[in-house]
Amino acid sequence: MSGQKSILLLGSGFVAEPCLEYLMRSGNNVVTVACRRVEKAEELAVKYPGTKATSLDVEDDSALDAAVAGHDLTISLIPYTQHARVMKAAIKAKKHVVTTSYISPAMEELDQAAQEAGIICMNEIGLDPGIDHLYALKIINEVHAQGGKITSFESFCGGLPAPEDSNNPLGYKFSWSARGVLLALRNNARYWQDGKLVEIQGKDLMDSARPIYIYPAFATVGYGNRDSSHYRERYNIPHAQTCVRGTMRYQGFPEFAKTLVNMGFLDDAPQQLLSAANTEPLPWNKVTAQLLGSSSDSPSRLLEAIEAKIDTQDPEARKRVMHGVKWLGITSPEVQAAKRGTYLDVLCARLEDLMMYGEGERDMILLQHKFEVENKDGSNNTRTSVTLMYGEPNGFTAMAKTVGVPCGIATQLILDGKITKTGVIAPMTPDVYQPILDLLPSEGINAVEETI
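The structure displayed is predicted, hence computed values, not measured ones.

Draft legend 1. Molecular detail of the pattern of salt bridges. Applying the stated criterion across every chain, the model contains 26 salt bridges. With a closest N to O distance of 3.8 Å, Lys149 and Glu374 form a salt bridge. In this pair, Lys149 is assigned in strand β7 (residues 149-161) and Glu374 in strand β13 (residues 363-374), connecting sequence segments 225 residues apart. Classification of Lys149 as partly exposed rests on a relative accessible area of 27%. The class of Glu374 is partly exposed, set by a relative accessible area of 28%. One salt bridge in this structure joins Asp345 and Arg179, with 2.7 Å as the shortest N-O distance.

Draft legend 2. Representation of the packing of helix α11 (residues 284-292) against helix α12 (residues 299-307) within the structure. For the pair α11 and α12, the least separation of the axes is 11 Å and the interaxial angle reads 45°. Here α12 runs oblique to α11, going by the angle between their axes. The element α11 and its partner α12 pack so that their crossing is left-handed. Across the interface between the two elements, Asn285, Thr288, Ala289 and Leu292 of α11 pack against Leu302, Ala305 and Ile306 of α12.

Draft legend 3. Spotlight on the state of the cysteines. A complete count under the given rule lists 0 disulfides for this structure. Sulfur of Cys121: no disulfide; nearest cysteine sulfur belongs to Cys407 and is 13 Å away. On the basis of relative accessibility, which here comes to 0%, the residue Cys121 falls in the buried class. Of all cysteine sulfurs, the one in Cys157 lies closest to Cys243, which takes part in no disulfide; the gap is 16 Å.

Draft legend 4. Just the sheet that holds strand β3 (residues 52-55), in detail. Reading across from one edge, β3-β2-β1-β4-β5-β6-β15 is the order of the 7 strands in this open sheet, with parallel pairing throughout. The sheet terminates laterally at β3 and β15 (423-425), the two strands that pair on one side only. In this sheet, neighbouring strand axes are inclined to one another by 20° on average, regardless of whether the strands run parallel or antiparallel. Inspection of the sheet shows strand β5 (residues 96-99) paired to strand β6 (residues 120-122) by 2 bridges, in the parallel sense. Note that in β6 the partner of Val97 across the bridge is Cys121.

Quick notes on the rules
Residues numbered from 1 in each chain as written. Predicted model: local features only at pLDDT ≥ 70, side-chain atom pairs only at ≥ 80, totals over all residues. Heavy atoms only, no water. Salt bridge = Lys/Arg side-chain N within 4 Å of Asp/Glu carboxyl O. Helix = DSSP H or I, 4+ residues; strand = E, 2+ residues; numbered from the N terminus. Buried < 20%, exposed > 50% of the residue type's maximum accessible area, 1.4 Å probe, protein only. Axes fitted to C-alpha atoms, helices over the stretch in contact; angles between N-to-C directions. Parallel < 35°, antiparallel > 145°, perpendicular 65-115°, else oblique. Left-handed = near helix turned anticlockwise from the far one by under 90°. Contact = heavy atoms within 4.5 Å. Disulfide = S-S within 2.5 Å. Pairing = 2+ DSSP bridges.

Spelled out as structure tokens, the structure:
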């Protein structure tokens, strides 16, 4: 590597710091953290000597153009809807870009222009998407090289509390806003199962959850994550009769989450009762009574109405859901609801009150790929790849590290000239993914592979 490299880091959220920490190990990198509010950028930059902080509004095109042009590479860790804007500025300036997000249609449209500019716009290099691609393609390409074919591919990934900290009825905790997690419950799912294209509406997503067996210590379930039907083509596994990528949660999450969905808590339409302009006290039983259209706000009547919304007929599961409802306090006349305007946001506020990570608690990421393989000689076997990582209590979360560090590695490899493929790309080919894979184990990120 020759000379100093300048990097513009857009955003200072929870994944930015592990990325920054990785990049600042090199004495040749100068990183500028840019946020709309310079105070947010300074909070992060002050921890790493030599890092600069600046204020930048990415919606100000001239300011963005100037900032991008002034650096060798821009890392965009801001909302994915802004990535295409950043890439347009990079194409003008002929500078590289790295994001951890899926390639959106607006980003894909810039591929030809990026190639003509001779720049790399690297995407999908976090955890999911990112690490999941790397370890999946490693095995897929090994099987193909040996003359075999993949007849089934299942991949499930979850960001979860470590088992000892999964101590609430949902078995889940938040390190940031609950809104994104809840909104994901609305998503439709589409995947291949036994040669048939399965389409599941968001309202039925939790009903599709099934056990995912990884280690006996983990009671995990999984359900489809958006549209994974095109991964047969993307991963070059045309013989796969099953092809599904999904989300993993602890047992009990789907039944409880489905009850909240059935109650109507994903409604994000403004409600006068929930408005900040409402000066009256707002106990939770009144919120739930209005949501359910109940003439009574007595806790016992509300609990009866909620029990009727539980889909599962398993007596033990129903009991667990009702325990969770009581724990949540949403039928209580004593617990006050936050006036956030919508049912969705009022619920988010309550979940964030009860389910944030506490001092000394740690998170966990769990990723399993499962392949059914038909070998060249006609024999069959099952191959698995499992990545399990825990966060550091009061340090980096596993989620932040497994998103931020691969992003940092990809950035460094581009700056060092070790990744050279231009255009709007994801780590789908060995020339792009192998150099990243080679460096993950030294960061404590790896996969345990097994053939059964």
